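Structure at a glance
Here is how the chains run, residue by residue.
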Amino acid sequence: MLKFSKVVLKKGKEDSILRFHPWIFSGAIDRIEGTVEEGDPVTVYTFDDRFLGIGHSAIGSIAVRIFSFEEIYPDFAFWCSKLKLAYDLRCKIGLTSRKETNVFRLIHGEGDGLPGLIVDYYNGTVVIQAHTVGMWLIRDLLAQAIKAVLNDQVKAIYDKSSKTLPYKAAIEPVDGYLFGEKTTFEVMEYGNRFLVDWEEGQKTGFFVDQRENRKLLSEYSFGKNVLNMFCYTGGFSFSAMQGGASLVHSVDSSAKAIELTNANVELNFPGDKRHEAFTADAFDFMRDIQDKYDLIILDPPAFAKHKNVLNQALQGYKKLNTKAFQQIRPGGILFTFSCSQVVTKTNFREAVFSAAAISKRKVRILHQLSQPGDHPINIYHPEGEYLKGLVLYVE
Ligand code: SAH
């Protein structure tokens with residue numbers, strides 16, 4: 001085995017790693033033997049020289065992210081085996097063979113034992129998003145591994161890491177194709193067609209994580225007037241239309257998102273007059289919607305990306321949900337979400353609870369939603385649970 005620089009932990013700091021938590025915080029490190037550049041693989045040892053894992057080093061409070069708790073050399077065969085494990089999971093949960101769905105998440109960071117790496121599959125095009133320099137440096141190797149595992153199911157691989165890499169990293173990432181070229185932007189989810197722009201769009205181009213929640217929404221939509229707030233590419237909107245909604249209003253502050261929503265609605269329901277889209281700020285739009293809607297979806301962006309803005313974010317959720325509770329029609333249904341990792345399930349529920357109390361409406365929880373199986377949560381890394389949703393019945 002080739003020798004990597006060695007990170008030695010302080011006495012007593014090994015417990016969480018022995019329980020397979022993949023993060024080493026900088027404060028846990030006693031010393032580093034050898035030189036380390038950001039993104040280099042390093043081996044991690046206890047104070048008394050017991051091997052703990054091998055991971056990518058980073059600058060910041062999380063100094064190492066472990067990708068193997070076994071003493072291996074991370075060569076091509078190793079990355080192929082990791083990719084294969086992830087792909088097998090998607091096969092087992094039936095995502096790779098569905099006719100009506102050809103988009104899924106292939107790698108979900110820590111949830112797949114690959115911290116710092118997100119990979120989405122879009123009907124033949126694979127989009128890689130590295131969140132660490134370590135993963136970005138091996139992007140070509142990862143692309144080869146993806147090709148080896150997916151074979152002819154992959155026509156192109158696009159690297160879209162320029163916006164997700166740490167801004168202080170001394171690299172100059174440029175997005176582009178690692179393999180193949182731009183093909184169709186069209187994908188399908190439960191029979192609904194989407195135009196996904198992975199080159200210019202948000203995240204990897206699409207919010208794959210709301211698939212099952214969009215499906216649930218369609219079951220609740222018949223005969224309803226629906227407001228889809230924070231619509232992005234309009235997924236919840238045409239799920240509602242598919243479910244027989246009477247009227248659907250989509251709102252997003254981004255004009256580009258509204259353009260995509262209109263294009264997607266047109267693709268699925270050409271000329272359908274039930275739908276209208278508005279470019280507007282959520283807080284402005286919701287100031288005075290009165291009792292126009294009996295089904296409201298609130299799926300805002302991550303209000304809190306860091307712990308120090310948590311309170312501010314919770315106030316945001318409270319304010320938004322209060323507006324919905326105050327105005328939704330009696331007997332209305334609210335689908336409300338938080339995708340902030342730092343907001344816990346309890347935090348979110350408390351914010352929604354406060355909003356309900358302010359509105360003085362009677363509210364009952366019908367469903368507690370989370371992320372789907374292709375966004376698995378590593379049981380040893382509970383931080384991976386980020387998507388929280390409540391479906392509420394408002395009397
Ligand atoms: N529900 C979507 C994903 C929502 S992502 C889906 O199923 O695909 C969050 C969206 O909120 C983004 O499109 C962003 O443009 C929009 N947004 C952010 N701030 C906003 C604001 N203040 N008012 C309205 N939309 C906002």
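Residues numbered from 1 in each chain as written. Predicted model: local features only at pLDDT ≥ 70, side-chain atom pairs only at ≥ 80, totals over all residues. Heavy atoms only, no water.

Focus on the site of the ligand
- Taken together, 15 residues surround the ligand, and among them Arg214, Asp252, Asp281, Ala282 and Asp299 come closest.
- Arg214 places a polar side-chain atom, nitrogen or oxygen, 2.8 Å from an oxygen atom of the ligand.
- Side-chain polar atom of Asp299 to a nitrogen atom of the ligand: 2.7 Å apart, as the coordinates give it.
- Coverage of the ligand by the protein amounts to 89% of the 580 Å² it exposes when considered alone.
- Its residues assigned to classes, the shell around the ligand shows eight nonpolar, three polar and four charged. (Near = heavy atom within 4 Å. Polar contact = N/O pair within 3.5 Å; in protein donor to acceptor, adjacent residues only side chain to side chain. Areas by Shrake-Rupley, 256 points an atom, 1.4 Å probe, with all protein chains shown as cover. Nonpolar A, V, L, I, M, F, W, Y, C, P; charged D, E, K, R; others polar.)

Structural notes on the domain arrangement of the protein chain
- Parsing the protein chain into structural domains produces domain 1 (5–68), domain 2 (76–187) and domain 3 (207–394).
- A separation of 39 Å is found between the C-alpha centroids of domain 1 and domain 3.
- In this assembly, five residues from domain 1 lie in contact with four residues from domain 3.
- Of the roughly 410 Å² buried where domain 1 meets domain 3, counting both sides, 61% is carbon and sulfur surface.
- For domain 1, the biggest contributors to the area lost against domain 3 are Phe20, His21 and Trp23; these three give 76% of the whole.
- Counting the contacts that link domain 1 with domain 3 gives zero salt bridges.
- Here domain 1 and domain 3 share one residue pair in polar contact (both at pLDDT 80 or more) between them.
- The residue inventory of the side of domain 1 that touches domain 3, partitioned by class, reads three nonpolar, one polar and one charged. (Domains from an automatic or database assignment. Contact = heavy atoms within 4.5 Å. Buried area = accessible area lost by both parts, 1.4 Å probe. Salt bridge = Lys/Arg side-chain N within 4 Å of Asp/Glu carboxyl O.)

Some points on the sheet that holds strand S14 (residues 225–229)
- Here seven strands make up an open sheet; going across it, the order is S16-S15-S14-S17-S18-S20-S19 and the pairing mixed. Across the chains shown, the open sheet's two edge strands, defined by having one partner strand only, are strand S16 (275–279) and strand S19 (363–369). Between one strand axis and the next, the sheet turns by 15° as a mean value, whatever way the strands run. (Pairing = 2+ DSSP bridges. Helix = DSSP H or I, 4+ residues; strand = E, 2+ residues; numbered from the N terminus. Axes fitted to C-alpha atoms, helices over the stretch in contact; angles between N-to-C directions.)

Some thoughts on the pairing of strand S10 (residues 156–159)
- Residues of S10 alternate between two faces, with Ala156 and Tyr158 on one and Ile157 and Asp159 on the opposite face, all of them buried.
- Examined bridge by bridge, strand S9 (residues 125–130) and S10 share four bridges and lie parallel to one another. Residue Val127 lies in a different strand from S10, and its bridge partner there is Tyr158.
- In this structure, S10 lies alongside strand S11 (residues 176–179), joined through three bridges in antiparallel fashion. Residue pairing across strands places Tyr158 opposite Tyr177, the latter belonging to S11. (Buried < 20%, exposed > 50% of the residue type's maximum accessible area, 1.4 Å probe, protein only.)

Describing helix H10 (residues 345–359)
- Its 15 residues give H10 an end-to-end C-alpha distance of 21 Å, which sits within 8% of 21 Å, the value for a rise of 1.5 Å per residue.
- Those residues of H10 that fall on the buried side of the exposure criterion are Asn347, Phe348, Ala351, Val352, Ala355, Ala356 and Ser359.
- Contact partners of the buried residues in H10: helix H9 (310–327), strand S18 (332–338), S19 and strand S20 (388–394).
- Directly after H10, the chain includes Lys360, whose backbone phi takes a positive value near 60°. (Expected span 1.5 Å × (residues − 1).)

Remarks on the pattern of salt bridges
- Scanning all chains against the criterion turns up 20 salt bridges.
- Among the salt bridges present, the one from Asp112 reaches Arg90, with a minimum N-O distance of 2.8 Å. Placement of the pair is Asp112 in the loop between strand S7 (103–108) and strand S8 (117–122) and Arg90 in helix H2 (residues 76–92), with a sequence separation of 22 residues.
- Of the residues examined, Arg90 reaches a relative accessible area of 0% and is grouped as buried.
- In this structure, a network of salt bridges that share partners links the residues Glu14, Asp48 and Arg50.

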